[in-house]
Structures are given as C-alpha cells and as structure tokens.
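So the chains spell out like this:
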Amino acid sequence: MTAPVVTISDADAYFLTTPRNADWLALGPSHQVWLDEAQRYLKQICVDEKADCCGMTFAAAWVATVSEVALALSKDPTAVLGGGAASTGTQGAIKSQKLGDLQQDFYDIKDGQATTSKYGPNAPTILRKFPWIGDLFGCYMTGSYGSSRVISRCC
C-alpha cells in the first residue's frame with residue numbers, strides 16, 4: 001500500500017470539523033508520535049485505493065481513519081501491543097480434562113469470540129481492538145477480515 005503520509009496539519013484540519021478537536025489539541029507536541037503509530041498499524045490492512053466509495057476519496061478516508069486511530073491510541077497506548085495485565089476472562093467454551101494432579105484446559109475460540117467480534121482472530125490486531133475502523137474505512141478494505149478465520153495477505 002502506498003498510502004499518503006498524514007501530517008499534523010492534515011489531522012488538525014480533520015479534527016477541526018469534529019467534536020473531538022479539544023481532545024486532539026490536548027495531546028500537545030506528541031501528535032506526530034501518535035500519527036506515526038496509527039499509520040504503522042493501518043498499513044497492515046489490504047486496501048483498494050481506487051474503490052468507488054460514494055464520493056469519498058481514498059485520501060480523505062485515510063486522513064480521517066489515521067487521525068481517529070491516532071487519538072484512540074493516545075487514550076489507550078497498549079491497545080495493540082499489550083503491556084497491560086493478562087486477560088482474566090475468556091469468551092467461548094472451556095474444555096477441561098483432569099487426571100489426578102494433571103489438568104489440561106482448552107479454550108475453543110470459535111464458540112464465542114467469532115460470533116461476538118466483527119473481525120476474526122487472524123485479522124490485524126488494530127481491527128480487532130478498534131472495530132469501528134471498518135465504519136470509517138471499510139469501503140476501501142479488500143482483505144477477508146471477518147470471523148471466518150480466513151485472512152488474505154497482500155501488500
């Protein structure tokens with residue numbers, strides 16, 4: 001993907017038209033860090049830059065998506081690359097076998113997560129953590145990121 005680089009002035013102009021402008025401005029000098037981080041993760045998504053998306057240009061959709069992801073990452077810096085505590089719960093069926101002191105637990109992801117998540121477990125983490133990206137940018141996405149557990153590789 002040869003997506004355009006979103007600059008601070010691009011994001012500033014975008015956020016000026018949203019109610020999240022104050023949140024964006026509050027980030028101060030760290031704008032570029034969050035924009036770079038957002039673009040790094042979003043480049044994992046396969047896109048068709050020439051798709052006809054109801055009059056919205058790819059460049060406009062890219063700026064909006066990168067800007068929103070940058071703001072979201074600033075509020076939750078470990079959303080994509082962890083760093084927090086391990087998950088304490090699971091979704092789906094847990095199968096367990098016990099023989100004396102030996103015990104095995106199995107988690108079957110297809111029983112729960114695939115039906116409750118817009119994107120399957122093999123989709124890029126950025127899509128699973130921020131599924132609303134599809135609402136902003138889905139028209140341009142070409143990979144199979146659904147819960148079918150099939151993902152196409154591109155780029």
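For every chain, the first residue of its written sequence is number 1, and the numbers climb from 1 along that sequence. Local features are withheld for residues below a pLDDT of 70 in this predicted model, meaning they are given only at 70 or higher, and side-chain atom pairs are given and counted only at 80 or more; totals for whole chains, interfaces and linings count all residues. To obtain the side-chain values, all non-hydrogen atoms of the structure were included, while hydrogens and water were left out.

Looking now at the overall build of the protein. Runs of E in the DSSP output that reach at least two residues are strands. Runs of H or I that reach at least four are helices, and both are numbered from the N terminus. When its secondary structure is counted, the protein shows seven helices and two strands. Its helices and strands in sequence order give the protein the pattern α-α-α-α-β-β-α-α-α, from N to C terminus. Relative accessibility decides the category of a residue: with a 1.4 Å probe and only protein chains considered, values under 20% of the type maximum give buried, values over 50% give exposed, and everything between is partly exposed. Counting all 155 residues of the protein, 35% fall into the buried class. By the convention used here, residues are in contact when the closest approach between their heavy atoms is within 4.5 Å. Partitioning the intrachain contacts of the protein with sequence separation of at least 6 by distance along the chain shows that 67% fall at a separation of at least 24.

Note that a disulfide, as used here, is simply two cysteine sulfur atoms within 2.5 Å. Here the structure, examined in full by the defined rule, presents one disulfide. The disulfide partner of C53 is C139, and the gap between their sulfur atoms is 1.8 Å. Between C53 and C139, the S-S dihedral sits near -95 degrees, and the bridge is therefore left-handed. With a gap of 86 residues between them, C53 in the loop between α3 (31-42) and α4 (58-75) and C139 in the segment after α7 (133-137) connect regions that are remote in the sequence. In this structure C53 comes out as buried when scored by relative accessible area, which is 9%.

Next up on the list: the side chain of S74. Its place among the elements puts S74 in helix α4. Only 2.6 Å separates the side chain of S74 from the backbone oxygen of L71, close enough to count as a polar contact. Setting aside residues up to four positions removed in sequence, S74 forms contacts with L27 and W34. Within 3.5 Å is the distance limit for a polar contact, defined as a pair of N or O atoms, with the added protein rule that one can donate a hydrogen and the other accept it, and that residues adjacent in sequence qualify only through two side-chain atoms.

We count a salt bridge whenever a side-chain nitrogen from Lys or Arg sits within 4 Å of a carboxyl oxygen from Asp or Glu. On inspection of all chains with the given rule, the structure shows three salt bridges. The salt bridge partner of D23 is K75, with a shortest N-O separation of 3.2 Å. Residue D23 is found in helix α2 (residues 21-25), and its partner K75 is found in helix α4; the two are separated by 52 residues along the sequence. Ionic pairing is found between R40 and E37, a salt bridge with its closest N-O pair at 2.3 Å. Taken together, the residues R40 and E37, both in helix α3 and three residues apart, mark about one turn of the helix. Relative accessible area serves as the criterion here: at 48%, R40 is assigned to the partly exposed category.

Summarising the model, the protein shows a mean pLDDT of 80, and 75% of its residues fall at 70 or more. Low pLDDT (under 50) marks residues 84-88, which in the prediction has zero contacts with non-local residues, meaning those over four places away or in another chain. pLDDT: the predictor's confidence for each residue, scored from 0 to 100. Here residues 148-153 is a poorly scored stretch, pLDDT under 50, and it has 16 contacts once near neighbours within four places are set aside; other chains count.

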